[in-house]
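# Coordinates in review
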Amino acid sequence: MERQLLSGNEAIALGAAHAGVRVAAAYPGTPSTEILEAAARFPEIYTEWSSNEAVAVEVALGASYTGVRAMASMKHVGLNVAADAFMAAATTGVRGGLVIISADDPGIHSSQNEQDSRNYARLGRVPCLEPADSQEAYTFTRLAFELSEEFDTPVLLRPTTRVCHSKSVVQPVEPAAITLTPQFVHEPAKLVMLPGAARGRWPKLTERLEKLAAWGETAECNHIINGSAELGIITSGISFHYAREVFPEASFLKLGLSYPLPERKIKEFTAGVSRIMVIEENDGFLELQLKAMGLSVIGKAAFPRTGEYSPDIIRAAAAGAGLTRPGNPAAAGDTELAKRPPLLCPGCPHAGIYFTLSSLGHRSVLPGRQARPPRLTICGDIGCYTLGAYAPLSAMDTCGCMGAGISQAAGMARAGLPEKPLAVIGDSTFMHSGINSLLNAVYNQANICVLILDNATTAMTGHQGHPGSGVSPAGERRNNVVIENLVRGAGVADVTVVDAFDLKAVRNAVKQGLAAGQLAVVIVRGDCPTLTRKRGKPRLVNEKCDDCGACLLVGCSAIQRDEDGHIFIDRSVCVGEYCTICQQVCPRGAIVEAETAS
Amino acid sequence: MNGMNILIVGVGGQGVVLASNILAEAALSAGFEVKKTDTLGMAQRGGSVVSHLRYAEQVASPLIPAGEVDLLLAFEKLEAVRWAHFLKPEGIAIINNLMLPPLSVTLGTAAYPGDAAVQAAFQRITPSVHLVPGTATAEALGNAKMVNTILLGYAVRFLGIEPAKLQSIIEAALPARFRQTNVAAFEAGRKLEAID
Ligand code: SF4
Ligand code: SF4
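As the structure is a prediction and not an experimental result, all values here were calculated from the model.

### As for the sheet that holds strand E5 (residues 98-103) of chain A
Residue and element names in this part refer to chain A. The 7 strands lie next to each other as E3-E2-E4-E5-E7-E6-E12, forming an open sheet whose pairing is mixed. With one partner strand each, in any of the chains shown, strand E3 (46-49) and strand E12 (257-259) form the two edges of the open sheet. Inspection of the sheet shows E5 paired to strand E7 (residues 155-157) by 3 bridges, in the parallel sense. Across the sheet, the residue bridging to Ile-101 is Leu-157, located in E7. Taken strand by strand, helix H7 (residues 134-151) contacts strand E4 (70-75), E5, strand E6 (128-129) and E7, and its axis lies near 165 degrees from that of E7.

Structure below.
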């Protein structure tokens with residue numbers, strides 16, 4: 001077959017397709033999102049965006065119980081949501097191969113923490129495979145399905161951001177000839193985990209680990225590269241390539257199976273080298289196990305315990321610990337340069353609501369004016385709209401994990417916060433786990449105001465579908481849940497729906513929601529402009545403008561100042577009449593429709 | 001054609017990732033081992049974007065170590081300065097003559113480097129700095145979004161890749177309705193001259 005240049009995520013999807021996967025479920029999350037998107041291009045695979053990661057694992061597990069191969073993919077923090085389902089799968093084992101992919105994010109490119117998914121492998125006594133590049137992402141995915149069936153276990157595949165999103169060459173091999181008909185065989189002792197049955201299963205997990213460790217002794221995915229007898233490096237994942245770049249002469253033991261470890265192979269390797277380094281991103285997961293084996297290794301004592309690795313970081317750390325001479329010290333970059341954080345897009349429906357919250361909450365300050373103490377307590381959540389935390393909007397006070405905003409606000413209200421707290425959540429996050437929090441708020445009569453920002457998509461990760469949008473990963477129509485019906489059905493009496501681009505209506509709805517003596521939900525509705533790609537006549541700043549800068553507080557990147565300090569609008573990115581937020585904000589009426597569309 | 005380390009930098013929405021994908025495919029079809037990786041921060045949405053592309057007989061890390069970049073292709077001036085230190089001595093810098101001030105600059109809380117600062121950032125590394133009117137040329141052709149194709153057209157003279165090969169990959173990467181105009185943009189880029 002032809003060589004292809006694929007991202008790690010595309011390679012995982014291709015590997016799964018070539019392994020004969022029938023069902024793939026996921027909740028989108030960077031860096032894992034494209035796995036399901038790429039899988040959706042294979043018509044023989046049923047793909048779905050599940051409402052959250054626990055659901056995705058349960059769907060895949062159910063499919064596996066019928067004897068077909070299935071997978072669930074998510075980002076590392078998604079595995080927290082799926083932890084219960086993951087442990088259930090670990091306990092019952094599988095029928096058809098089941099692969100659970102949790103993509104870690106060393107360096108926190110787009111996450112709320114840096115947790116190491118490998119710890120879940122140990123928790124569930126489940127094998128963990130760590131690909132280092134796209135070729136391995138492809139090969140290990142196929143291997144994972146085989147291991148899963150052979151050892152009656154789900155397999156955790158743990159790529160990292162740099163593997164998911166980098167592209168390298170993949171040489172695919174012939175697809176597996178898997179023709180399985182779904183069929184359910186009744187076996188309660190395996191699948192019904194009442195204590196009696198569970199007590200029978202749990203020791204099997206330990207047996208399974210021992211067999212896997214024995215398998216790992218001779219497996220190709222754990223391989224030795226003979227080099228210098230001075231320095232032996234034990235590593236896994238992308239760190240292998242970084243370490244090869246910095247220490248081309250060293251001997252390597254590259255572990256593809258990072259749990260359980262092949263002890264004999266490790267001892268054989270370490271016996272032949274005088275100094276052993278362990279180079280791994282995130283936790284000292286291998287290091288701890290190696291030390292428990294009684295080996296003396298240099299790991300996190302020399303290499304960083306946090307952050308993403310790179311050849312530069314490994315070289316600097318090794319030099320700092322006296323393990324190598326410093327390389328050519330590259331001139332450091334200029335750290336004083338103006339940063340360029342991501343922003344809400346021009347025409348974003350969230351801009352108007354955040355502008356409103358920002359002005360009601362005394363967050364926005366005109367250039368040169370004194371800042372006032374902020375008002376309003378705004379519990380945020382995870383999605384595109386988290387960008388509202390950046391200046392000039394600065395309209396977010398908390399952001400922890402998916403769906404947490406509503407419950408945090410309820411907790412604050414119950415704790416006796418004098419002012420009514422606000423929770424801001426996007427539609428996809430609401431479907432993911434916000435609904436649970438809302439049910440709780442209804443039941444426990446939390447006096448809070450919930451703003452559901454409905455842009456009809458999961459925008460942060462690139463416009464995936466969810467139960468409120470009714471679009472499948474392959475772009476087909478599916479049923480959709482109407483948020484206001486759901487909210488009313490949950491028992492919320494005070495429900496308002498407003499147009500996100502009508503600033504007056506938004507302001508009134510928020511004020512009313514805050515004034516109401518009970519739980520109030522405001523659904524702020526407006527399409528994501530990058531999804532609909534609707535473009536109208538751009539806005540124009542005319543001579544009435546006195547350059548006060550009020551419009552800059554909208555945070556729209558189309559609004560700029562020229563070198564003389566005059567405000568202008570970049571007509572190539574303004575979405576025009578589908579937005580008009582700046583027009584509604586300008587105190588002088590200086591923003592108008594341009595005569596012609598650009 | 002020899003192997004190369006190429007760093008492409010710019011702002012979300014400028015087409016940095018597409019440009020690097022096109023170059024990567026060209027290197028693949030020339031028989032190289034290719035690795036590339038894009039760093040997008042929190043998605044892109046107007047933030048800094050940087051793409052590392054390496055091709056050679058053998059490539060280990062997809063990330064290029066600082067000081068080992070042969071060619072820096074910058075779509076914007078502030079981003080050019082941010083990544084200048086990745087160039088190796090005597091490496092080549094191609095900088096699109098465009099200022100996109102981040103919001104902090106517009107709001108007056110941060111400063112944008114002036115042309116002297118941009119020059120100074122490169123002076124101590126390399127004399128091969130090419131400031132090119134990419135965006136102006138794209139606008140003249142009718143669409144600022146074609147700046148990536150124009151810059152690829154300019155860069156091809158340093159890559160040792162057959163222009164015809166790169167052009168066919170550009171055509172394959174784009175939907176039919178953009179093909180004609182992008183071929184013209186690529187041609188314009190090939191003819192483009194640097195500003196002194
Ligand atoms: S357009 Fe309006 S809001 Fe913006 S600076 Fe001019 S007068 Fe002020
Ligand atoms: S109408 Fe104003 S706020 Fe909306 S996209 Fe255009 S410039 Fe930005």
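### Focus: the pattern of salt bridges
Residues and elements named next belong to chain A. Using the criterion set out here, one finds 28 salt bridges over all chains in the structure. In this structure, Glu-280 and Arg-118 form a salt bridge, with 3.1 Å as the shortest nitrogen-oxygen distance. On the criterion of sequence distance, the pair formed by Glu-280 in the loop between strand E13 (275-279) and helix H13 (285-292) and Arg-118 in helix H6 (residues 118-124) is long-range, its members being 162 residues apart. With respect to burial, Glu-280 and Arg-118 carry one shared label: buried. Residue Arg-162 is joined to Glu-308 by a salt bridge in which the shortest nitrogen-to-oxygen separation is 2.8 Å. Here Glu-308 lies in the loop between H13 and helix H14 (311-320) and Arg-162 lies in helix H8 (residues 161-165), a separation of 146 residues in the sequence. With respect to burial, Arg-162 and Glu-308 carry one shared label: buried.

### Some points on the packing of aromatic side chains
Residues and elements named next belong to chain B. In the structure shown here, the tally under the stated rule is 6 aromatic pairs over all chains. For the pair Trp-83 and Phe-86, a centre-to-centre distance of 5.3 Å together with 70 degrees between the ring planes defines the contact as edge-to-face. Residue Trp-83 shares its accessibility class with Phe-86, and that shared class is buried. A ring pair is formed by Tyr-154 and Phe-158, whose centres lie 6.2 Å apart and whose planes are at 55 degrees; its orientation type is tilted. Taken together, the residues span about one helical turn, with Tyr-154 and Phe-158 both in helix H6 (residues 147-159) at a distance of 4 residues. Note on Tyr-154: relative accessible area 3%, which makes it buried. Among the residues examined, Phe-158 registers a relative accessible area of 25% and is labelled partly exposed. Cation over ring: Arg-157 sits above Tyr-154, and NZ or CZ is 3.8 Å from the ring centre.

### Looking at the environment of Ala301(A)
Topologically, Ala301(A) is positioned in the loop between H13 and H14. Measuring from C-alpha to C-alpha, the distance between Ala301(A) and Ile591(A) comes to 59 Å, with 290 residues separating the pair along the chain.

### Focus: the side chain of Thr386(A)
Residues and elements named next belong to chain A. Within the secondary structure layout, Thr-386 lies in the loop between strand E14 (378-379) and helix H16 (404-415). Given a relative accessible area of 14%, Thr-386 falls into the buried group. At a separation of 2.8 Å, a polar atom in the side chain of Thr-386 contacts the main-chain carbonyl oxygen of Gly-383. Dropping the residues within four chain positions of it, Thr-386 is found in contact with Asp-381, Met-396 and Cys-399.

Conventions adopted
Residues numbered from 1 in each chain as written. Chains lettered and ligands numbered in written order. Predicted model: local features only at pLDDT ≥ 70, side-chain atom pairs only at ≥ 80, totals over all residues. Heavy atoms only, no water. Pairing = 2+ DSSP bridges. Helix = DSSP H or I, 4+ residues; strand = E, 2+ residues; numbered from the N terminus. Contact = heavy atoms within 4.5 Å. Axes fitted to C-alpha atoms, helices over the stretch in contact; angles between N-to-C directions. Salt bridge = Lys/Arg side-chain N within 4 Å of Asp/Glu carboxyl O. Buried < 20%, exposed > 50% of the residue type's maximum accessible area, 1.4 Å probe, protein only. Phe/Tyr/Trp six-rings, centres within 6.5 Å; stacked < 30°, edge-to-face > 60°. Lys NZ or Arg CZ within 6 Å of the ring centre and 35° of its normal. Polar contact = N/O pair within 3.5 Å; in protein donor to acceptor, adjacent residues only side chain to side chain.

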